[in-house]
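# Structural overview
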Amino acid sequence: MSHRFIKSLAGLAMSAVLLAGCAAGSTAEKGSSARSAGSPAGANRAVTIGLTYIPNVQFAPFYVAAQDRLFRWDGGGGVRQQPVNLRHHGADEGLFNALLSHKEDYVVAFADEAVQAISAGMDLCVTGILYQKYPVEVIATKQSGITSWADLKGKTVGVPGRFGSSWFGFQAGLQQAGLSLDDVKISEIGYTQQTQMATGKVDAVVGFSNNDLVQFQLAGLAVTEIPLPPNLPLVGAAVVTTGENCKTQDSVNEGVINAMAQAVNSIQQNPEKAVEYTKKYDQTLNTAASLQAAKKVNQATLELEQMPGYDPADPGRAAAPDPQKFKDMIALLDEIGALDKKVDLSSLDQAGLEKIARPWQSLQAHSSATK
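Residues numbered from 1 in each chain as written. Predicted model: local features only at pLDDT ≥ 70, side-chain atom pairs only at ≥ 80, totals over all residues. Heavy atoms only, no water.

- Per an unreviewed UniProt entry, the recorded name for the protein chain is NMT1/THI5-like protein, and the organism is Mobiluncus curtisii.

Printed below as a string of structure tokens:
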């Protein structure tokens, strides 16, 4: 499924800077095949978290949480450290397939894509938010003269394709600027943003602040960064599980999000930790160039992950989904035609919203999990 958010790493992976390919993490993947799919998450078996596409420093919070043994919940017998498998997806694997087939218990994916999948009938629930800011933006060549979304009128804009978060963000940005798709020339370029820009085939591209922009900067290309308006209710990288897990696995749900939030905070305090821990999974981090690139990707990713309300006594609360924001996002996605109508999300009441965007619940396990 090509519209996974980390799929855009394909371009980064193929660049000479990162030299990425298949990497470590085999130990994590071995555990997932041996688990009992019918048993509840955390019930005397390891929980599997899906990380879409290849190992990369963008997944550092999960590498840190695993290696620092932050995953803690009550799997029977009280709150304690629990085993977790980190499973990287194959290049052509569906974003939510392993989750819905019980090969995974959680998956890291964009929340807007999860909502689109829910509207198509998939039983999904967002339990925590990794990116507190949405990373989609327009990146333009300096010579194009583009400095705002309104300046895109009449220009050629490269998009990976008419799908996924980059497409959602692009349409939302145009709409905010009073433009429509008819006002721009769209070129579907896959993940060749750097080549298309460098050769002048497009005036601008739609990409990610912690991936595509980093590529341009490392290549020394002079570009202008044009973020989306901050008021747009699109939600980026998040932790997604099944509706059933959302309803029945409170301790595990909160243990996973607590661990993620603790790891993000730990990386914010010591950014070098992200690259060092990622080395165990990404074996391409073995040259000065690849390490420099990873550090820049991590720096840009940290800007997306900042949690102003982080409380070490209740870490996961800062990463909890806001059902009201999901309601606004549903309205926006519906307006731009991104939702399937198999399930009508536009008429959800508060209880319905909380089934797909799990609000934080104060459990006694919170205080225990942080000890």
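### Some points on helix α12 (residues 288–305)
- The end-to-end C-alpha separation of α12 is 25 Å, in line with the 26 Å expected for 18 residues at 1.5 Å each.
- All of the buried residues along α12 are Ser290, Ala293, Ala294, Val297, Asn298, Ala300, Thr301, Leu302, Leu304 and Glu305. (Helix = DSSP H or I, 4+ residues; strand = E, 2+ residues; numbered from the N terminus. Expected span 1.5 Å × (residues − 1). Buried < 20%, exposed > 50% of the residue type's maximum accessible area, 1.4 Å probe, protein only.)

### What to know about the environment of Phe168
- Within the fold, Phe168 resides in helix α6 (residues 164–176).
- In contact with Phe168, not counting residues within four places along its chain, are Asp112, Glu113, Gln116, Tyr134, Leu234, Leu333, Ile336 and Ala338. (Contact = heavy atoms within 4.5 Å.)

### What to know about the packing of aromatic side chains
- In the structure shown here, the tally under the stated rule is 7 aromatic pairs.
- With a centroid separation of 4.0 Å and an interplanar angle of 10°, the aromatic rings of Tyr63 and Tyr281 are classed as stacked. Of the two residues, Tyr63 is situated in helix α3 (residues 60–67) and Tyr281 in the loop between α11 (272–278) and α12; the sequence distance between them amounts to 218 residues. With respect to class, Tyr63 is no different from Tyr281; both count as buried.
- Ring geometry for Trp167 versus Phe170: centroids 6.0 Å apart, planes at 45°, classification tilted. You can see Trp167 and its partner Phe170 sitting in helix α6, 3 residues apart, about one turn around the helix.
- Trp167 gets classed as buried once you look at its relative accessible area, which sits at 8%.
- In textbook terms, an aromatic cluster arises when at least three aromatic residues are bridged by ring pairs, as seen for Phe110, Tyr131, Tyr134 and Phe208. (Phe/Tyr/Trp six-rings, centres within 6.5 Å; stacked < 30°, edge-to-face > 60°.)

### Details of unusual backbone geometry
- The phi dihedral of Tyr53 is positive, around 70°, even though this residue is not glycine.
- Mapped onto the fold, Tyr53 is located in the loop between β1 (47–51) and α3.
- A positive phi angle, close to 60°, is found at Arg69, a residue other than glycine.

### A closer look at the sheet that holds strand β9 (residues 185–188)
- As summarised here, the arrangement of the 5 strands in space is β9-β8-β10-β7-β11, forming an open sheet in which the pairing is mixed. Looking at which strands have only one partner, the edges of the open sheet turn out to be β9 and β11 (223–227). Strand-to-strand twist across the sheet, computed as the mean angle between neighbouring axes with direction ignored, equals 30°.
- Pairing of strand β8 (residues 156–159) with β9, which is carried by 4 bridges, proceeds in the parallel orientation. Within β9, the position partnered with Thr156 by the bridge is Lys185. (Pairing = 2+ DSSP bridges. Axes fitted to C-alpha atoms, helices over the stretch in contact; angles between N-to-C directions.)

### Comments concerning the packing of helix α5 (residues 111–119) against α6
- Viewed as axis vectors pointing N to C, α5 and α6 meet at an angle of 100°, and their least axial separation amounts to 9 Å. It follows that α5 is roughly perpendicular to α6 by the angle criterion. Residues Asp112, Glu113 and Gln116 of α5 pack against Gly164, Ser165 and Phe168 of α6.
- By residue class, the composition of the contact of α5 with α6 is 1 nonpolar, 3 polar and 2 charged. (Parallel < 35°, antiparallel > 145°, perpendicular 65-115°, else oblique. Nonpolar A, V, L, I, M, F, W, Y, C, P; charged D, E, K, R; others polar.)

### Quick look at the nonpolar core
- Among the nonpolar cores identified, the biggest contains 98 residues, and Ile49, Phe96, Leu152 and Phe170 are the most heavily contacted of them.
- Ranked by the residues each element gives to this core, the list is headed by helix α10 (residues 250–269), at 9 residues.
- Residues lining this core come from more than one domain, with at least three contributed by each of domain 1 (45–131 + 234–284 + 299–367) and domain 2 (134–225).
- Ranked by size, the runner-up nonpolar core spans 8 residues in total, among them Ile189, Val202, Val205 and Leu213. (Core = buried A, V, L, I, M, F, W, Y, C linked by side-chain atoms within 4.5 Å. Domains from an automatic or database assignment.)

### What about the confidence of the model for the protein chain?
- When the pLDDT values of the protein chain are averaged, the result is 87; 86% of them are 70 or greater.
- Scored below 50 in pLDDT, residues 362–371 makes 23 contacts in the model with residues more than four places away or belonging to other chains. (pLDDT = per-residue confidence, 0-100.)

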